[in-house]
Amino acid sequence: MKKGKSYSLQEAIDVVKSLSYDDQEILFDIIAKRLRKYRRVRLLKDIAEAREAYRKGEVQRGTVADLMKVLDE
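Not measured: the values here are computed from a predicted model.

Conventions we followed
Residues numbered from 1 in each chain as written. Predicted model: local features only at pLDDT ≥ 70, side-chain atom pairs only at ≥ 80, totals over all residues. Heavy atoms only, no water. Helix = DSSP H or I, 4+ residues; strand = E, 2+ residues; numbered from the N terminus. Rg over C-alpha atoms; globule rule 2.2 N^0.38 Å. Buried < 20%, exposed > 50% of the residue type's maximum accessible area, 1.4 Å probe, protein only. Lys, Arg positive; Asp, Glu negative; His and termini not counted. Charge placed at Lys NZ, Arg CZ, Asp CG, Glu CD. Expected span 1.5 Å × (residues − 1). Patch = residues over 30% accessible without salt bridge, like charges linked within 9 Å, V, L, I, M, F, W, Y side chains within 5 Å. Areas by Shrake-Rupley, 256 points an atom, 1.4 Å probe, with all protein chains shown as cover. Salt bridge = Lys/Arg side-chain N within 4 Å of Asp/Glu carboxyl O.

Draft legend 1. Here's a closer look at the overall build of the chain. Helix and strand counts for the chain come out as three helices and zero strands. For the chain, the C-alpha radius of gyration of 22 Å lies well beyond 11 Å, the compact-globule estimate for 73 residues. Taking the principal axes of its C-alpha atoms as reference, the chain extends roughly 55 × 25 × 25 Å. Put simply, the chain has 73 residues, and 3% of those count as buried. Of the side-chain charges in the chain, 17 are positive and 13 negative, and the distance between the mean point of each set is 6 Å.

Structural data, given as structure tokens:
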């Protein structure tokens, strides 16, 4: 694939189907590693945001019943 060219999902699937089984396995491993890294980065960002909200006092504690009361208001 040329760098910078955009492919539709179906075009990408067709390209992957044309690869050998071994190359498909390698590609799958690469994509799985990238997704794990992406999830880890996103989780770390979410944790940092939650800690900042807690530090600012924007977080409330309570039970599920407390939450339901707030949602009903």
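Draft legend 2. Main features of helix α2 (residues 21-55). Its 35 residues place the ends of α2 51 Å apart at the C-alpha level, agreeing with the 51 Å of an ideal helix rising 1.5 Å per residue. Just beyond α2, the residue with positive phi is G57, at close to 80 degrees.

Draft legend 3. Region of interest: a positive patch on the surface. A grouping of K33, R36, K37, R39, R40 and R42 is seen on the molecular surface, where their side chains present a positively charged patch. The topology assignment puts R39 in helix α2.

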